[in-house]
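Below, each chain spelled out in residue letters.
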Amino acid sequence: MTIEELLQDEINKIYEPEVGSKTAKVLIPAFLGDFRKVLEGSDPGVTASEEYMTEDKKMHLIFRGQRRMTAKGIDYILTSIICNDSELLSTELSMIPKLF
């Protein structure tokens, strides 16, 4: 499952699927884009954390991740996503899409 799918599922649970699909089109790119900037400004291998809350306060997210140096260059890894006190991410996921 991708990061976007994890977040979409949670948004659908909170806002119901019809509203959730529209809401997610704005929220997901905003959250992920901002967190990538946080990781870009962090030191490699150091865990960075950022909190987000929707305007209506129905969704409270905490992202944790690292900027890592790999054989292919820099990678941005999400290590944890917590939404409304529930852990959504059970494994590390790269924020850089695979081009296969």
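Visitor: Before we go on, may I ask you to explain the pairing of strand β3 (residues 73–83) in this structure?
Guide: Of all the 11 residues making up β3, 8 are buried; the element is thus mostly covered by neighbouring parts of the structure. As judged from the 2 bridges shared by β3 and strand β4 (residues 86–87), these two strands associate in the antiparallel manner. Bridge pairing links Cys 83 to Ser 86 in β4. Taking the residues between adjacent antiparallel strands as the criterion, β3 and β4 are bridged by 2 residues, where Asn 84 takes a positive phi near 50 degrees.

Visitor: Got a minute to help me understand the packing of aromatic side chains in this structure?
Guide: In this description, an aromatic ring pair is defined by two values, namely the gap between the centres and the angle between the planes. Tallying each qualifying case throughout the model produces 3 aromatic pairs. Each ring, one from Phe 35 and one from Phe 63, has its centre 5.4 Å from the other, and the planes form 80 degrees; the classification is edge-to-face. With a gap of 28 residues between them, Phe 35 in helix α2 (residues 17–40) and Phe 63 in strand β2 (residues 60–70) connect regions that are remote in the sequence. Members of the aromatic cluster, each reached through a chain of ring pairs, are Phe 31, Phe 35, Tyr 52 and Phe 63.

Visitor: Would you mind going over the pairing of strand β1 (residues 48–53) with me for this structure?
Guide: Along a regular strand, successive side chains alternate from one face of the sheet to the other. Here β1 pairs with β2 via 6 bridges, running antiparallel. The partner of Tyr 52 across the bridge, within β2, is Leu 61. Between the end of β1 and the start of β2, which pair antiparallel, lie 6 residues, with Lys 57 showing a positive phi angle near 65 degrees.

The rules behind each value
Within every chain, residues take consecutive numbers counted from 1 along the sequence as written. Residue-level local features of this predicted model are given only where pLDDT is at least 70; pairs of side-chain atoms are given and counted only at 80 or more, and the full residue set underlies all totals for whole chains, interfaces and linings. Calculation of side-chain values draws on the structure's entire complement of heavy atoms; hydrogens and water are dropped beforehand. Residue exposure (1.4 Å probe, protein chains only): buried if accessible area is under 20% of the type maximum, exposed if over 50%, otherwise partly exposed. Where helices and strands are cited, they refer to DSSP runs of H or I of at least four residues and of E of at least two residues respectively, numbered from the N terminus. Any two strands with at least two DSSP-identified bridges between them are counted as paired. Note on aromatic contacts: the rings of Phe and Tyr and the six-membered ring of Trp form a pair at centre separations within 6.5 Å, being stacked when their planes are under 30 degrees apart, edge-to-face when over 60 apart, and tilted otherwise.

The values are spatial; any link to function lies outside them.
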